[in-house]
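# Structure at a glance
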Number of protein chains: 2
Amino acid sequence: MRTLCTSLATAEPGSPVTLEGWVHRRRELARVTFLVVRDRTGLAQVVLPAGTRVPPEETVVRVTGTATPSAQAPGGVELTDAVVEGLTEPAATPPAELWRPRLDVSLPVLLDHAPVLWRHPAQRARWELAAASLRGFRATLDALGFTEVATPKLVGSATESGANVFAIDYFGRPAYLAQSPQFHKQQLVGVFERVYEVGPVFRAEPHDTVRHLAEYRSLDVELGFVEDHRDVLSVLREVLAGMVGAVAAAGDAVGRTGARLPVVPEEIPVIHFADALALVGAPADEPDLAPEHERALGAWALAEHGSDFVAVEGYPMAKRPFYTHPWPGDGRWSNSFDLLFRGMELVTGGQRLHRASDYEAAIRARGEDPAAYAAYLQAFRHGMPPHGGFAIGLERWVGRLVEAANVREVTLFPRDLHRLAP
Amino acid sequence: MRTLCTSLATAEPGSPVTLEGWVHRRRELARVTFLVVRDRTGLAQVVLPAGTRVPPEETVVRVTGTATPSAQAPGGVELTDAVVEGLTEPAATPPAELWRPRLDVSLPVLLDHAPVLWRHPAQRARWELAAASLRGFRATLDALGFTEVATPKLVGSATESGANVFAIDYFGRPAYLAQSPQFHKQQLVGVFERVYEVGPVFRAEPHDTVRHLAEYRSLDVELGFVEDHRDVLSVLREVLAGMVGAVAAAGDAVGRTGARLPVVPEEIPVIHFADALALVGAPADEPDLAPEHERALGAWALAEHGSDFVAVEGYPMAKRPFYTHPWPGDGRWSNSFDLLFRGMELVTGGQRLHRASDYEAAIRARGEDPAAYAAYLQAFRHGMPPHGGFAIGLERWVGRLVEAANVREVTLFPRDLHRLAP
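Nothing here was measured: the structure is a model prediction, and the numbers come from that model.

### Regarding the pairing of strand β8 (residues 167-170) of chain B
The side chains of a regular strand alternate, residue by residue, between the two faces of the sheet. All names here are of chain B. Judged by which residues are buried, β8 turns out to be one-sided: Ile168 and Tyr170 face inward and are buried, whereas Ala167 and Asp169, on the alternate face, are not. Relative to strand β9 (residues 173-177), β8 runs antiparallel, the two being bridged by 4 bridges. Residue pairing across strands places Ile168 opposite Ala175, the latter belonging to β9.

Structure representation (structure tokens):
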């Protein structure tokens with residue numbers, strides 16, 4: 001019967017115990033050899049006579065011995081009178097010493113050796129925050145009456161944005177990888193009113209930046225019967241609070257990453273796009289915020305509102321997709337927003353058009369034929385409520401949470417312009 | 001302030017109420033007009049004077065009126081003195097009458113008009129069972145110490161099986177859509193010990209059958225420190241019980257689908273592949289089970305063990321992937337299994353090889369070069385525990401649960417040889 005490493009602390013002193021895990025560290029001293037075993041729960045210390053042959057780091061072992069109180073051991077109990085049995089061949093030397101407190105390797109080394117280097121407790125903890133975030137995201141939305149959906153990643157046309165799309169050979173005809181579940185999640189508002197999806201999205205992103213990936217996890221939400229984009233922002237606020245709450249509850253993973261958890265304010269500060277431009281000293285005709293503008297707005301929100309989050313609403317219609325709902329009374333602006341977290345765009349959201357006639361006009365205004373959108377427009381012709389939604393990028397979220405320099409550091413197996421392996 | 005349809009039942013008699021939803025049904029009688037409103041929670045009845053103009057079915061409306069007890073209304077309360085306001089243009093006539101108890105349309109009609117026909121309460125309930133199943137899957141595994149992971153769907157080689165893979169143009173070089181997260185979930189056992197993932201998998205499936213799709217949702221599990229495939233099967237049993245439990249708790253959705261929920265036995269009956277062949281009267285050298293064999297085994301399990309589930313273990317090594325662990329003492333057979341649910345293969349699982357040297361030998365035995373698998377083999381060279389796992393097809397699960405004739409009937413937007421829309 002296997003005892004987990006962290007459960008050794010509660011083992012009866014003198015009782016027989018079997019641990020199974022990886023050799024995390026060997027320390028061969030003059031009078032004693034220490035073996036630290038690692039499993040999914042943490043570390044445990046094994047004491048062996050000096051000169052005992054111990055398998056190299058990362059070898060998988062079964063260790064049988066006696067639970068013995070020890071002030072120096074993790075959890076206050078160590079294993080003595082131990083027998084170590086290798087469950088695999090002796091492991092090859094890892095590309096970095098995983099027992100050191102920090103994994104001090106360059107980004108290419110981290111990514112090339114991801115299957116091994118993610119084993120480092122501080123690195124693994126970063127993904128544990130991602131997994132906890134997903135739990136918090138779903139639990140919050142389940143409680144608000146949302147239904148989880150699964151929309152196709154293979155789509156027949158590249159109509160949503162056109163650019164940066166991956167083409168595939170689909171039984172001899174062209175198909176594309178979905179850049180987002182946007183069209184399908186809207187259609188499903190007609191069915192379930194409130195939907196969410198966690199899934200991969202694909203961008204043939206030709207830029208090599210610290211915040212773009214060719215494949216990432218999008219946390220998508222869409223809901224009907226909203227007044228405007230502010231109702232969408234209210235749900236986003238609840239979701240972020242639920243995600244932070246789940247992360248805070250994720251055991252010692254926060255401590256292992258050194259992350260500072262944000263406080264999600266009761267009301268996220270909101271600034272209009274035009275005011276945001278003025279605030280950061282950008283020309284009034286700028287169509288979008290540059291990364292340095294986002295950083296300046298993040299600093300402003302922290303100084304002025306004590307908030308790690310700030311929403312910029314009213315983005316120019318010219319820069320938003322055709323399904324965006326305009327700002328009532330002023331068609332230059334839109335009922336959409338970006339949410340910045342610690343000075344970086346984390347979420348895009350807003351209210352969408354909901355009348356079939358508005359869609360047809362918007363598509364014609366782009367010089368396109370509504371017939372190309374027939375499948376999508378079905379939902380609107382058959383009655384769709386005022387609705388809106390948002391999408392959170394999981395990797396950016398975790399990246400900002402742990403203040404990583406590059407989103408690749410928090411992605412298990414990143415994909416970009418240059419990288420398709422491991 | 002909006003009242004949800006099912007909450008009308010608890011509204012104070014005589015109090016003002018606002019409903020928002022779709023016109024589910026109009027009934028214009030000689031002395032009164034009934035309007036049934038549908039929202040995500042269910043239906044509510046509105047009473048209007050005869051001759052009131054009511055928008056057509058599926059139009060989105062806001063209805064304000066007075067809560068009035070009525071024995072005939074759903075929930076025992078209806079809305080009287082009501083004012084109906086259209087929130088969208090009048091809806092186009094749906095391709096089928098959604099208020100009828102059964103959605104009686106052909107499969108092509110159902111699939112072509114999916115955005116509208118999924119609104120039918122009985123059809124929508126099928127997906128609600130899928131969503132509940134996902135909740136049960138994750139809750140069971142979270143409680144067992146598993147970590148949710150996200151593995152890349154874009155992969156650099158088609159090595160896992162070679163056949164039936166979709167090729168994509170990846171910034172000018174070839175890449176492929178992952179047929180399963182198999183390689184990556186194994187690597188992550190080295191990090192987290194116990195992992196799961198819910199995500200799309202892609203098969204360029206040239207067969208047009210009632211149970212194959214080009215894209216489906218795979219519920220993947222992998223765990224370390226197993227004795228053999230029977231430990232994997234034990235976890236599968238817990239997962240299935242958790243899924244059935246969550247489905248049973250999903251409100252009235254089960255009733256709307258008419259599904260008979262299975263009982264998951266404490267021990268799922270297991271039969272060896274060789275015995276299964278004999279039982280169904282197939283030649284002893286058959287390498288696999290045909291669909292009619294699966295049906296016969298399903299009938300046997302029900303008759304003999306009272307079980308909707310039966311596991312067939314020991315499949316011939318010749319038909320299993322190279323990473324499959326052989327049956328100890330008899331290399332013809334493997335430590336793998338398929339789980340049949342109501343006579344159809346639902347799950348494939350088993351124990352995997354875990355020693356780097358066994359992988360190299362298995363790859364060479366296929367006439368391939370282990371160097372082509374370098375990224376994958378890293379994990380094994382650096383110490384991997386005995387491990388195994390399984391994958392459940394979500395659409396097959398729901399299909400068997402509601403006893404649908406075709407897996408497409410329970411898929412929101414199916415993708416196959418012929419279909420890329422809606």
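### Regarding the UniProt feature "binding site: ATP" (unreviewed entry) in chain A
All names here are of chain A. UniProt annotation of "binding site: ATP" (unreviewed entry) refers to Arg203, Ala204, Glu205, Arg211, His212, Leu213, Glu345, Gly393, Leu394, Glu395 and Arg396 when read in the numbering used here. Mapped onto the elements, His212 comes out in the loop between β10 (194-202) and β11 (215-224). Aside from chain neighbours lying at most four places away, what touches His212 is Glu205, His207, Arg396, Val407 and Arg408. There is a polar contact of 2.7 Å between the side chain of His212 and the side chain of Thr209. One can find Leu213 in the loop between β10 and β11. Setting aside residues no more than four positions away along its own chain, Leu213 makes contact with Arg203, Glu205, Glu395, Val407, Arg408, Thr411, Pro414 and Arg415.

### Description of the relation of the copies chain B and chain A
Superposing chain B onto chain A takes a rotation of 180° plus a shift of 0.0 Å along the axis, which leaves an RMSD of 0.0 Å. Both copies of the chain, as the preceding transformation shows, are related through a two-fold rotation axis. Distance from the rotation axis, computed per C-alpha, reaches its smallest value in chain B at Ile168 of chain B: 2.2 Å. A shared binding surface is used by both copies, with 100% of the interface residues of chain B retained as interface residues in chain A.

### What to know about the UniProt feature "binding site: L-aspartate" (unreviewed entry) in chain A
Residues and elements named next belong to chain A. Those places that UniProt annotates as "binding site: L-aspartate" (unreviewed entry) correspond, in this numbering, to Glu160, Arg203, Thr348 and Arg352. Checked against the element boundaries, Arg352 lands in strand β17 (residues 344-352). Look at Arg352 and you get buried, because its relative accessible area is 7%. Aside from chain neighbours lying at most four places away, what touches Arg352 is Gln182, Lys185, Gln186, Glu222, Tyr323, His325, Tyr359, His387, Gly388, Gly389 and Phe390.

### What to know about the interface of chain B and chain A
Contact residues are listed per partner, giving 95 residues for chain B and 95 residues for chain A. Together chain B and chain A conceal approximately 7800 Å² of surface at their shared face, both sides included; 60% is due to carbon and sulfur atoms. Along the contact surface separating chain B from chain A lie 8 salt bridges. Of the charged contacts, one joins Arg217 of chain A and Glu197 of chain B as a salt bridge, the two residues approaching to 3.7 Å between their closest N and O atoms. Summed over the shared surface of chain B and chain A, the number is 47 residue pairs in polar contact (both at pLDDT 80 or more).

### Quick notes on the sheet that holds strand β13 (residues 309-313) of chain B
Residues and elements named next belong to chain B. Spatially, β6-β10-β11-β18-β17-β16-β13-β12 is the arrangement adopted by the 8 strands of the open sheet, whose pairing is mixed. Each edge of the open sheet carries a strand with a single partner, namely β6 (147-148) and β12 (270-272). Pairing between strand β16 (residues 336-341) and strand β17 (residues 344-352): 6 bridges, direction antiparallel. Residue pairing across strands places Asp338 opposite Thr348, the latter belonging to β17. The sheet contacts of helix α4 (residues 182-192) involve β6, β10 (194-202), β11 (215-224), β17 and β18 (387-393), and relative to β11 the element is tilted by about 30°. Contacting β11, β13, β16, β17 and β18, helix α11 (residues 394-401) crosses the sheet at an angle of about 55° to β18.

### Side note on the layout of surface pockets
All names here are of chain B. Volume-wise, the second largest pocket comes out at about 1500 Å³. Every element with two or more residues in the lining of the second largest pocket is listed here: α4, β11, α8 (291-305), β16, β17, β18 and α11. When residues of the lining of the second largest pocket are assigned to their parent elements, the largest contribution, 7 residues, is made by β17. Considering only residue class, the lining of the second largest pocket consists of 17 nonpolar, 15 polar and 16 charged.

### Remarks on helix α9 (residues 356-365) of chain A
Since there are 3.6 residues in each turn of an α-helix, residues three or four apart along the chain are aligned in direction. All names here are of chain A. Those residues of α9 lying buried are Ala356, Tyr359, Ala362 and Ile363. Buried positions in α9, seen along its axis, are confined to an arc of 125° and lie on one side of it. Looking at α9, the residues exposed on the side facing more than 90 degrees away from the buried face are Arg364 and Ala365. As for α9, its buried residues are in contact with α4 (182-192), β17, α10 (374-381) and β18 (387-393). Positive phi shows up at Gly367, right after α9, with a value of about 75°.

### Notes on the packing of aromatic side chains
According to the stated counting rule, one finds 40 aromatic pairs over all chains in the structure shown. With a centroid separation of 5.3 Å and an interplanar angle of 70°, the aromatic rings of Phe322 of chain B and Tyr373 of chain B are classed as edge-to-face. Taken as a pair, Phe322 of chain B in the loop between β13 and β14 (326-327) and Tyr373 of chain B in the loop between α9 (356-365) and α10 (374-381) lie far apart in primary sequence, 51 residues in all. With respect to burial, Phe322 of chain B and Tyr373 of chain B carry one shared label: buried. Aromatic rings pair up to connect Phe183, Phe322, Tyr323, Tyr359, Tyr373, Tyr376 and Phe380 of chain A into one cluster. One cation-aromatic arrangement involves Arg320 of chain B over Tyr315 of chain B; the distance from NZ or CZ to the ring centre is 4.2 Å.

### Structural notes on the environment of Ala375 of chain A
Inspection of the secondary structure puts Ala375 of chain A in helix α10. The sequence separation of Ala375 of chain A and Pro115 of chain A amounts to 260 residues, and the corresponding C-alpha distance is 42 Å. When neighbours within four sequence positions are excluded, Ala375 of chain A is seen to be in contact with Gln187 of chain A together with Pro115 and Pro422 of chain B.

### Concerning the domain arrangement of chain A
Under the domain assignment used here, chain A contains domain 1 (5-86) and domain 2 (114-410). Using only C-alpha atoms to locate each centre, domain 1 of chain A and domain 2 of chain A end up separated by 46 Å.

### Regarding the packing of helix α3 (residues 121-143) of chain B against α11 of chain B
Residues and elements named next belong to chain B. Closest axis-to-axis distance for the α3/α11 pair is 10 Å, and the angle between their directions is 125°. If you check the angle between α3 and α11, you find them oblique. Crossing geometry of α3 relative to α11 is assigned as right-handed. Here α3 contributes Arg126, Trp127, Leu129, Ala130, Ser133 and Leu134 to the contact with α11, which in turn contributes Leu394, Trp397, Val398 and Leu401.

### Things to note about the pattern of salt bridges
Residue and element names in this part refer to chain B. Applying the stated criterion to the full structure yields 68 salt bridges over all chains. Arg408 serves as the salt-bridge partner of Asp208, at 3.6 Å between the closest nitrogen and oxygen. Highlighted residues: Asp208 in the loop between β10 and β11 and Arg408 in the segment after α11, separated in sequence by 200 residues. Given a relative accessible area of 49%, Asp208 falls into the partly exposed group. Notably, a salt bridge pairs Arg237 with Glu266, separated by 3.8 Å at the nearest N-O pair. Highlighted residues: Arg237 in helix α5 (residues 229-248) and Glu266 in the loop between α6 (253-257) and β12, separated in sequence by 29 residues. Residue Glu266 is classed as exposed on the basis of its relative accessible area, which comes to 68%.

### Overview of the pairing of strand β3 (residues 42-49) of chain B
Residues and elements named next belong to chain B. For β3, the tally of buried residues reaches 6 of 8 residues, placing the bulk of the element in the interior. Here strand β2 (residues 32-39) runs beside β3; their pairing, made up of 8 bridges, is antiparallel. Bridge assignment links Val37 to a residue of β3, and that residue is Ala44. Where β2 hands over to β3, the hairpin turn is made up of 2 residues, counted between the paired strands.

So, how was this worked out
- Starting afresh in each chain, residues are numbered from 1 along the sequence in its written order.
- Here every chain gets a letter starting at A, and every ligand a number starting at 1, in the order they are written.
- Two thresholds apply to this predicted model, a pLDDT of at least 70 for residue-level local features and 80 or more for giving and counting side-chain atom pairs, whereas whole-chain, interface and lining totals are computed over all residues.
- To obtain the side-chain values, all non-hydrogen atoms of the structure were used and water was disregarded.
- Residue burial is assigned from relative accessible area. The probe radius is 1.4 Å, only protein chains are included, and a residue is buried under 20% of its type maximum, exposed over 50%, and partly exposed in between.
- Per the convention used, a helix needs a DSSP run of H or I reaching at least four residues, while a strand needs a run of E reaching at least two, with both numbered from the N terminus.
- The pairing criterion is simple: DSSP has to find at least two bridges between the two strands.
- UniProt positions are given in the numbering used here, feature names are shortened, and annotations may be inferred rather than shown by experiment.
- Here a residue-residue contact requires only that any non-hydrogen atoms of the pair lie within 4.5 Å.
- Counted as a polar contact is a pair of N or O atoms within 3.5 Å, where, for protein atoms, one must be capable of donating a hydrogen and the other of accepting one, and residues adjacent in sequence contribute only when both atoms are in side chains.
- Residues reaching a pLDDT of at least 70 in both copies supply the C-alpha atoms on which the copies are superposed by least squares.
- When two components associate, each loses some accessible surface as probed by a 1.4 Å sphere; the sum of these losses over both components is called the buried area.
- Whenever Lys or Arg places a side-chain nitrogen within 4 Å of a carboxyl oxygen from Asp or Glu, that contact is recorded as a salt bridge.
- Only C-alpha atoms enter the line fits that serve as axes; for helices the fit covers just the stretch in contact. Angles between N-to-C directions range over 0 to 180 degrees.
- The method works on a 1 Å grid over the protein atoms by themselves. A cavity is a set of points holding a 1.4 Å probe that cannot get out, a pocket is an open set with protein on both sides within 12 Å along at least five of seven lines, and residues with an atom within 4 Å of a point line them.
- Grid points are joined across faces, edges and corners, and a volume is the space filled by probe spheres set on the points.
- Think of it as three bins: nonpolar holds Ala, Val, Leu, Ile, Met, Phe, Trp, Tyr, Cys and Pro, charged holds Asp, Glu, Lys and Arg, and polar takes everything else, Gly as well.
- The reported arc concerns the directions from the helix axis to the C-beta atoms and nothing else.
- We call Phe, Tyr and Trp rings a pair once their centres come within 6.5 Å, taking the six-membered ring for Trp, and we label the pair stacked below 30 degrees between planes, edge-to-face above 60, and tilted otherwise.
- Two conditions define a charge located above a ring, namely a distance within 6 Å from the ring centre to NZ of Lys or CZ of Arg, and an angle within 35 degrees of the ring normal.
- Residue ranges for the domains trace back to a domain assignment, done automatically or taken from a database.
- Note that the term roughly parallel is reserved for angles under 35 degrees, roughly antiparallel for angles over 145, roughly perpendicular for angles of 65 to 115, and oblique for everything else.
- Left-handed describes a crossing in which the near helix is turned anticlockwise from the far one by less than a right angle; the clockwise case is right-handed.

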